[in-house]
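Coordinate analysis (summary)
Now for the letters of each chain:
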Amino acid sequence: SEAQGGAAARRDQVLESALRTFARFGYQKTSMEEVAREARISRPGLYFLFSSKKELFRAAATRALECDLAAAERVLADPERPLRDRVVEAFDRWAGRYVGPARDVIGVIDHNPVQTAPARFQELIIDAIAQVADRQAATDIAQTLISTSLGLKHQADTRACYLARLSVAVRLLVPE
């Protein structure tokens, strides 16, 4: 129904606001009051949606990871584009938005017990590279690219810098 769609959109907007707030202040220092203010919702309204800060955080982190994973999966599934371009864009969708000033968000998410998403992302990358390399080589390449991405997230000051350096790694490691 339309009311349910509106409620789901509102919940997503609250979760996006919560993630930004957790990134800005860190988990410990974020209050439900600050999240409510950022989301433009009353504190009782926020507690109606989420019974605790822990529940809110887990929902926000899970939603972010699931959205990133779905975006990466869509990019990798496009057979019309060159594999290297798809791999770079998949990493951008997975990690690029957490580079530079937004890197705190991923630090916050990394301390959350949503552990299936990184393994799923690795499988997506392995599957994509396995189209042009044997499975073991694809696994080695994917793991090396993920390690490279993790390092670049902490070194790169901007998303553009992250992508430029990641593109070099993809060009060197991923067969055409």
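First things first, this report covers the structure right here in the doc. Bear in mind the structure is a predicted one, so any value in this text is a computation, not a measurement.

**Some words on the overall build of the chain**
- Of regular secondary structure, the chain possesses nine helices and zero strands.
- The order of α-helices and β-strands along the chain, N terminus first, is α-α-α-α-α-α-α-α-α.
- Residues classed as buried in the chain amount to 42% of the 176 residues present.
- At a minimum sequence separation of 6, the contacts of the chain that also span at least 24 residues come to 66%.
- On the chain, roughly 9400 Å² of surface is accessible, and the fraction owed to carbon and sulfur atoms is 54%.

**Examining unusual backbone geometry**
- Unusually for a residue other than glycine, R40 sits at a positive phi of about 55°.
- Tracing the backbone shows R40 in the loop between α2 (32-39) and α3 (43-49).

**Quick notes on the packing of helix α5 (residues 83-95) against helix α8 (residues 135-155)**
- Look at α5 against α8: their axes get within 12 Å of each other, and the N-to-C directions meet at 50°. Our classification of the angle between α5 and α8 gives oblique. Where α5 crosses over α8, the handedness of that crossing is right-handed. Residue-level contacts link V87, F91 and A95 of α5 to L145, I146, S149 and K153 of α8.
- Classifying every residue of the contact of α5 with α8 by side-chain character gives five nonpolar, one polar and one charged.

Cut-offs applied
Residues numbered from 1 in each chain as written. Predicted model: local features only at pLDDT ≥ 70, side-chain atom pairs only at ≥ 80, totals over all residues. Heavy atoms only, no water. Helix = DSSP H or I, 4+ residues; strand = E, 2+ residues; numbered from the N terminus. Buried < 20%, exposed > 50% of the residue type's maximum accessible area, 1.4 Å probe, protein only. Contact = heavy atoms within 4.5 Å. Areas by Shrake-Rupley, 256 points an atom, 1.4 Å probe, with all protein chains shown as cover. Axes fitted to C-alpha atoms, helices over the stretch in contact; angles between N-to-C directions. Parallel < 35°, antiparallel > 145°, perpendicular 65-115°, else oblique. Left-handed = near helix turned anticlockwise from the far one by under 90°. Nonpolar A, V, L, I, M, F, W, Y, C, P; charged D, E, K, R; others polar.

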